[in-house]
Amino acid sequence: MTTSPSPDSTTSPSPLPDEEVAVALVLRLAGEAGPGKTIGPMDAALALMPKDEWQRALPVVRRVAVRLALEGRLMIYRKGKAVDPADFRGVYRIGLPRDE
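Residues numbered from 1 in each chain as written. Predicted model: local features only at pLDDT ≥ 70, side-chain atom pairs only at ≥ 80, totals over all residues. Heavy atoms only, no water.

This part takes up the overall build of the chain. Scanning the chain for helices and strands turns up three helices and four strands. Listed N to C, the secondary structure of the chain is α-β-α-α-β-β-β in terms of helices and strands. Counting every position in the chain, which comprises 100 residues, the buried fraction comes to 33%. Sequence-distant contacts in the chain: of pairs separated by 6 or more residues, those separated by 24 or more amount to 49%. Of the accessible surface of the chain, which amounts to about 6700 Å², a share of 54% is contributed by carbon and sulfur atoms. (Helix = DSSP H or I, 4+ residues; strand = E, 2+ residues; numbered from the N terminus. Buried < 20%, exposed > 50% of the residue type's maximum accessible area, 1.4 Å probe, protein only. Contact = heavy atoms within 4.5 Å. Areas by Shrake-Rupley, 256 points an atom, 1.4 Å probe, with all protein chains shown as cover.)

What follows is the structure in structure tokens.
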């Protein structure tokens, strides 16, 4: 007779990524995208967490993006336009500052 695993025997979720690791990754991905190009938060989250848990990393990516934008190291874009990192909602992208 075989038994199926109980709900309590499932593997525990991976720990959330360290913010400094996320900072380095977001900066690297934005740099690889190059000037005038952006990355989505999902791209960073997928690189930080296992494929089935990437959504859990989205708050970390957002915090890191806001921090880096406030420091002037990155920009947060909505619909192709830079937004205030302290006050934005919805879908966003992350990129290097543009020379405009």
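And the narrative resumes.
Another aspect to go through is the side chain of Glu 53. Considering the arrangement of structural elements, one finds Glu 53 in the loop between α2 (41-48) and α3 (58-70). We classify Glu 53 as buried; its relative accessible area is 15%. Reaching out from Glu 53, the side chain makes a polar contact with the backbone nitrogen of Ser 14 at a distance of 2.9 Å. Here the side chain of Glu 53 touches Arg 56 through a polar contact of 3.0 Å, side chain to side chain. (Polar contact = N/O pair within 3.5 Å; in protein donor to acceptor, adjacent residues only side chain to side chain.)

As a further point, take the packing of aromatic side chains. Using the criterion set out here, one finds one aromatic pair in the structure. With a centroid separation of 5.2 Å and an interplanar angle of 70°, the aromatic rings of Phe 88 and Tyr 92 are classed as edge-to-face. Grouping residues by exposure puts Phe 88 and Tyr 92 together as buried. If you follow Arg 62 out to its NZ or CZ, it ends over the ring of Phe 88, 4.0 Å from the centre. (Phe/Tyr/Trp six-rings, centres within 6.5 Å; stacked < 30°, edge-to-face > 60°. Lys NZ or Arg CZ within 6 Å of the ring centre and 35° of its normal.)

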